[in-house]
Amino acid sequence: MTARVRCAVMAAACLAAAAPLAAQVRGRVTNGTDGGPAGGVALTLSSFLGGMTPVEEVVSGADGRFAFTKDLPAVSANQPFAGAIRAEFEGIGYTEVLESASLGREVNITVYSVSETKLPQPSNRVVILEPSGGELRVHDGYQFLNDSSPPVTYSSEEGTLRFHLPAEAGGEVEVSGRGPARMPLPSTALPAGEPGLYKVDFPLKPGDNQLDLSYTVPYEDGTEFTLRSTYPGSVTRVGAPQGVDVSGSGVTPLGQEPTTKASLFLISDEPEVTMTITGEGRLTRSSGGTGSGESEISIQPAPVASELAWIIVLATLILGLGYFHLLKSRLPGGSEDPRRKRA
């Protein structure tokens, strides 16, 4: 073998050793409600190579164990995530993202039994009002804490969220939900029986969950806008851009949020609160100094710990204002409902 050939063979061997390899994926599914194995769970392996592409489907055994016979294709060495596994259990989907660095290890997936009773109320509600150009954009965020014990996933055909949509919205609302993994997913609102009342059956998994609504109503300076609540005792706060004033009985100013310069208001615990809105503006989408890409929200002089939960809702809404345009989900008469079964 010549020196040139030996060099070529060694170079090829080094490249092969450095290149990412395809990997077999195996693991176990556990029912987090009773702690036992979850058998008969449908699992779908998807690759992130060139997008999200299904690779194979399997079903977990009686002992909860599973193994995909097809390898997960390799991704580039600098890509942190190689793919994902979606598990379907009692009509609810659970997604486990596979990190490239952890391929080859067993994957543990936790699912939960479903409960349709004793649904939790939202712990916080934050509404952002953006009046401009003859329309009022309303971004309505609800935060739910699922601290069930033993842990269950809440889901109900009657809706895990029920809300009132103003008639001026023309029956159009965009819905996005985020589970504990914080992955935004489109959802759908459906009529809930009485006029103007709608429901969203987004599964509330153990941990923090958030449901965000976005809709538009006509606006002119001095418009009266009514917020209606379906959850007695829940706390509602309103944010509006700098230069926009919100006033009325049951509306208490809280000061200004320093990062976005949003004016903040506390809404009284009433079934309906009518407020007068004056001025125009849009909130500034800006990153704080945390390096995480999220706005650094703080309220003074209230202790940060006591305000943190609703501050997270406010930050998520501000950062997600443009995201609704990518996750359009219309009421009947709009696009097709993608969630005919629970997801």
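A brief look at the structure comes next. Here the structure is a predicted model, which means the values were calculated and not measured.

About the cut-offs
Residues numbered from 1 in each chain as written. Predicted model: local features only at pLDDT ≥ 70, side-chain atom pairs only at ≥ 80, totals over all residues. Heavy atoms only, no water. Helix = DSSP H or I, 4+ residues; strand = E, 2+ residues; numbered from the N terminus. Contact = heavy atoms within 4.5 Å. Pairing = 2+ DSSP bridges. Axes fitted to C-alpha atoms, helices over the stretch in contact; angles between N-to-C directions. 1 Å grid on protein atoms, 1.4 Å probe; cavity = no way out; pocket = protein on both sides within 12 Å on 5 of 7 lines; lining within 4 Å. Points joined across faces, edges and corners; volume = space filled by probe spheres on them. Nonpolar A, V, L, I, M, F, W, Y, C, P; charged D, E, K, R; others polar. Core = buried A, V, L, I, M, F, W, Y, C linked by side-chain atoms within 4.5 Å. Buried < 20%, exposed > 50% of the residue type's maximum accessible area, 1.4 Å probe, protein only. Salt bridge = Lys/Arg side-chain N within 4 Å of Asp/Glu carboxyl O. Polar contact = N/O pair within 3.5 Å; in protein donor to acceptor, adjacent residues only side chain to side chain. Patch = residues over 30% accessible without salt bridge, like charges linked within 9 Å, V, L, I, M, F, W, Y side chains within 5 Å. Areas by Shrake-Rupley, 256 points an atom, 1.4 Å probe, with all protein chains shown as cover.

**Re the side chain of Thr236**
Turning to step 1, where the next piece is worked out: Along the chain, the position of Thr236 falls in strand β19 (residues 236-240).
Turning to step 2, where the next piece is worked out: What Thr236 contacts, discounting residues up to four positions off in sequence, is Arg125, Val127, Leu227, Phe265, Leu266 and Ile267.

**So, the pairing of strand β6 (residues 92-99)**
Turning to step 1, where the next piece is worked out: Bridging between strand β5 (residues 81-89) and β6 involves 8 bridges; their strand directions are antiparallel. Looking across to β6, one finds that Arg86 is bridged to Thr95.
Turning to step 2, where the next piece is worked out: Where β5 hands over to β6, the hairpin turn is made up of 2 residues, of which Glu90 adopts a positive phi near 55°.

**A word on the sheet that holds strand β18 (residues 223-228)**
Working definition: the strands of a sheet are paired by backbone hydrogen bonds and lie parallel or antiparallel to each other.
Turning to step 1, where the next piece is worked out: The 3 strands lie next to each other as β18-β23-β20, forming an open sheet whose pairing is antiparallel. In this open sheet, the two edge strands, each paired with only one partner strand, are β18 and β20 (245-247). The mean inter-strand angle of the sheet, taken between neighbouring strand axes irrespective of direction, is 30°.

**Quick look at empty space enclosed by the protein**
Turning to step 1, where the next piece is worked out: On inspection of all chains with the given rule, the structure shows 2 cavities of 30 Å³ or more.
Turning to step 2, where the next piece is worked out: Its boundaries defined by the atoms lining it, the largest cavity holds a volume of some 80 Å³.
Turning to step 3, where the next piece is worked out: Partitioned by chemical class, the residues of the lining of the largest cavity number 4 nonpolar, 4 polar and 4 charged.

**Looking at the nonpolar core**
Turning to step 1, where the next piece is worked out: By size, the foremost hydrophobic cluster in this structure holds 37 residues, and its most contacted members are Leu129, Leu161, Phe163, Phe225 and Met275.
Turning to step 2, where the next piece is worked out: Residue contacts for Leu129: discarding those within four places in its chain leaves Leu136, Arg137, Val138, Phe225, Val238, Gly239, Ala240, Pro241, Val246, Met275 and Ile277.
Turning to step 3, where the next piece is worked out: Counting residues in each nonpolar core, the second largest holds 23 residues, with Ala38, Leu45, Phe89 and Val107 among its members.

**Some details on the pattern of salt bridges**
Turning to step 1, where the next piece is worked out: Considering all chains together, one arrives at 8 salt bridges under this definition.
Turning to step 2, where the next piece is worked out: Between Arg86 and Glu88 there is a salt bridge, with its nearest N and O atoms 2.9 Å apart.
Turning to step 3, where the next piece is worked out: On the accessibility criterion, Arg86 (31% relative accessible area) is partly exposed.
Turning to step 4, where the next piece is worked out: With relative accessibility at 22%, the residue Glu88 sits in the partly exposed group.
Turning to step 5, where the next piece is worked out: When the shortest N-O distance is used, the salt bridge between Glu272 and Arg228 registers 3.4 Å. Linking Glu272 in strand β23 (residues 272-278) with Arg228 in strand β18, this pair joins segments that are 44 residues apart in sequence.
Turning to step 6, where the next piece is worked out: Accessibility expressed as a relative area gives 46% for Glu272, which makes it partly exposed.

**Topic: the pairing of strand β17 (residues 207-218)**
Turning to step 1, where the next piece is worked out: Note: strand β10 (residues 135-146) against β17, 12 bridges, orientation antiparallel. What sits directly across from Phe144, in β17, is Asn209.
Turning to step 2, where the next piece is worked out: By the bridge criterion, 5 bridges tie strand β13 (residues 174-178) to β17 in an arrangement that is antiparallel. For Glu174, the partnering residue across the bridge sits in β17 and is Ser214.

**Topic: the side chain of Asp140**
Turning to step 1, where the next piece is worked out: Checked against the element boundaries, Asp140 lands in strand β10.
Turning to step 2, where the next piece is worked out: Among the polar contacts made by the side chain of Asp140, one reaches the side chain of Arg125 at a distance of 2.8 Å.

**So, the environment of Thr226**
Turning to step 1, where the next piece is worked out: Looking at the secondary structure, you find Thr226 in strand β18.
Turning to step 2, where the next piece is worked out: Taking the C-alpha atoms as reference points, Thr226 and Met275, 49 residues apart in sequence, are found 6.2 Å from one another.
Turning to step 3, where the next piece is worked out: Setting aside residues up to four positions removed in sequence, Thr226 forms contacts with Glu272, Val273 and Thr274.
Turning to step 4, where the next piece is worked out: For Thr226, the side chain forms a polar contact with the side chain of Thr274, separated by 2.8 Å.

**Re a nonpolar patch on the surface**
Turning to step 1, where the next piece is worked out: There is a patch of nonpolar side chains on the surface, built from Phe81, Val97, Met183 and Leu185 and spanning about 300 Å² of accessible area.
Turning to step 2, where the next piece is worked out: Tracing the backbone shows Val97 in strand β6.

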